[in-house]
Amino acid sequence: MGDEEKLIATNRQASRRYELRDTYEAGLVLVGSEVKSLREAKGVQLTESYADVSQSGEMWLRSLHIAAYTHAQDNSGHEPTRPRKMLLHRLELDRIAAKVAQERLSIVPLRLYFKGSRVKVEFALGKPKKTVDRRRDIAERDVKRETERELARSAKQR
């Protein structure tokens with residue numbers, strides 16, 4: 001059993017919307033048609049998904065859209081956006097729940113991938129960025145891009 005990772009989906013909006021802190025890895029409880037659909041790597045939407053800790057002390061990944069498996073029968077498929085349980089060690093789960101409660105952090109999924117034959121989700125704790133911070137990031141990115149262009153132009157002219 002190899003531990004090679006095969007990327008399924010990434011959440012590229014996460015770093016734009018959140019100030020990300022600690023990252024973690026968790027397993028997911030899935031049904032067979034979900035795993036088969038993920039192997040096809042079509043119709044997975046991670047951008048709008050989020051995770052939360054329930055009152056019973058379990059972590060759930062919500063709003064993750066996994067499209068129906070193309071070869072599944074009509075009645076044997078799965079619900080595309082159902083909540084999915086995340087598998088973590090109890091101590092790790094308690095630490096995360098405490099951080100989320102104390103510092104008012106969000107649990108943001110970053111990427112979904114196969115590790116060997118298992119589906120894993122990498123998630124981070126983060127605070128939502130304010131609009132001012134987002135604008136500042138965009139301005140810094142624009143300045144950096146413009147300076148790189150100028151350097152490239154001056155190097156070409158030589």
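As the structure is a prediction and not an experimental result, all values here were calculated from the model. (Residues numbered from 1 in each chain as written. Predicted model: local features only at pLDDT ≥ 70, side-chain atom pairs only at ≥ 80, totals over all residues. Heavy atoms only, no water.)

### Describing the nonpolar core
Here is step 1 of the chain: With 26 residues, the main nonpolar core has Leu28, Leu38, Met59, Met86, Leu112 and Phe123 as its most contacted residues.
Here is step 2 of the chain: Every element with two or more residues in this core is listed here: strand E1 (5-10), strand E2 (18-28), strand E5 (59-62), helix H3 (90-103), strand E8 (106-115) and strand E9 (118-128).
Here is step 3 of the chain: A total of four residues in this core trace back to one element, the largest contributor, which is E9.
Here is step 4 of the chain: The contacts of Leu28, once residues within four sequence positions are left out, are Leu61, Leu64, Arg84, Lys85, Met86, Leu87, Leu112, Val119 and Val121. (Core = buried A, V, L, I, M, F, W, Y, C linked by side-chain atoms within 4.5 Å. Buried < 20%, exposed > 50% of the residue type's maximum accessible area, 1.4 Å probe, protein only. Helix = DSSP H or I, 4+ residues; strand = E, 2+ residues; numbered from the N terminus. Contact = heavy atoms within 4.5 Å.)

### Remarks on the pattern of salt bridges
Here is step 1 of the chain: Enumeration according to the criterion identifies 15 salt bridges in this entry.
Here is step 2 of the chain: Notably, a salt bridge pairs Glu34 with Arg82, separated by 2.8 Å at the nearest N-O pair. With a gap of 48 residues between them, Glu34 in helix H2 (residues 32-40) and Arg82 in the loop between strand E6 (65-66) and strand E7 (84-87) connect regions that are remote in the sequence.
Here is step 3 of the chain: Taking the shortest distance from any N to any O, the salt bridge between Arg62 and Asp52 comes out at 3.0 Å. In this pair, Arg62 is assigned in strand E5 and Asp52 in strand E4 (residues 50-53), connecting sequence segments 10 residues apart.
Here is step 4 of the chain: Residue Arg62 is classed as partly exposed on the basis of its relative accessible area, which comes to 23%.
Here is step 5 of the chain: Put simply, Glu5, Arg111 and Glu122 are held in one network by salt bridges that share partners. (Salt bridge = Lys/Arg side-chain N within 4 Å of Asp/Glu carboxyl O.)

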